[in-house]
Amino acid sequence: MSRDLTKTFTYLSIHLTVGFSVAYAFTGSVTLAGGIALIEPCINAVAFFFHERAWQRFDARRAMSGRIAIA
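Given the structure is predicted, the values throughout are model-derived calculations rather than measurements. (Residues numbered from 1 in each chain as written. Predicted model: local features only at pLDDT ≥ 70, side-chain atom pairs only at ≥ 80, totals over all residues. Heavy atoms only, no water.)

## What about the pattern of salt bridges?
Short version of the rule: Think of a salt bridge as a Lys or Arg side-chain nitrogen and an Asp or Glu carboxyl oxygen that are within 4 Å of each other. Numbering goes from the N terminus for both helices and strands, where a helix is a DSSP run of H or I of at least four residues and a strand is a run of E of at least two. Only protein chains enter the area calculation, which uses a 1.4 Å probe; residues under 20% of their type maximum are buried, those over 50% are exposed, and those in between are partly exposed.
Counting across every chain of the model gives 1 salt bridge. We note a salt bridge from aspartate 59 to arginine 62, for which the minimum N-O separation is 3.8 Å. Of this pair, aspartate 59 and arginine 62 both sit in helix H2 (residues 30-64), separated by 3 residues, roughly a single helical turn. Since its relative accessible area comes to 24%, aspartate 59 is described here as partly exposed.

## Structural notes on H2
Our working definition: Expected helix span is taken as 1.5 Å per residue step, with the number of steps being one fewer than the number of residues. Any pair of residues with heavy atoms lying within 4.5 Å of one another is described as a contacting pair. For the purposes of these results, a polar contact is taken to be a pair of N or O atoms within 3.5 Å, where, inside protein, one atom must be able to donate a hydrogen and its partner to accept one; residues adjacent in sequence count only when each atom of the pair is a side-chain atom.
Relative to the 51 Å expected for 35 residues at 1.5 Å per residue, H2 spans 51 Å between its end C-alpha atoms, a close match to the ideal helical length. Buried residues of H2: Ala33, Ala37, Pro41 and Arg62, and no others. Buried positions along H2 lie against helix H1 (3-27). In this structure serine 29 caps H2, since a side-chain oxygen of it lies 3.4 Å from the backbone nitrogen of threonine 31. Looking one or two places after H2, you find glycine 66, whose phi comes out positive at around 95°.

This is the structure in structure tokens:
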């Protein structure tokens, strides 16, 4: 398994554990905390996709205006 894939899965594990723990601390419900811990990363992934698209447009506009884009 590649290092990037390993890092992705370990980060996902941490994210799910923290999400579940926080949701459980607030709700006291394993079911509700589990649902939140599963749904939140999916919504976050979609938000991140649009965040990246916005930054790509920003970089493209900046490059077209003659400024050097930082990658």
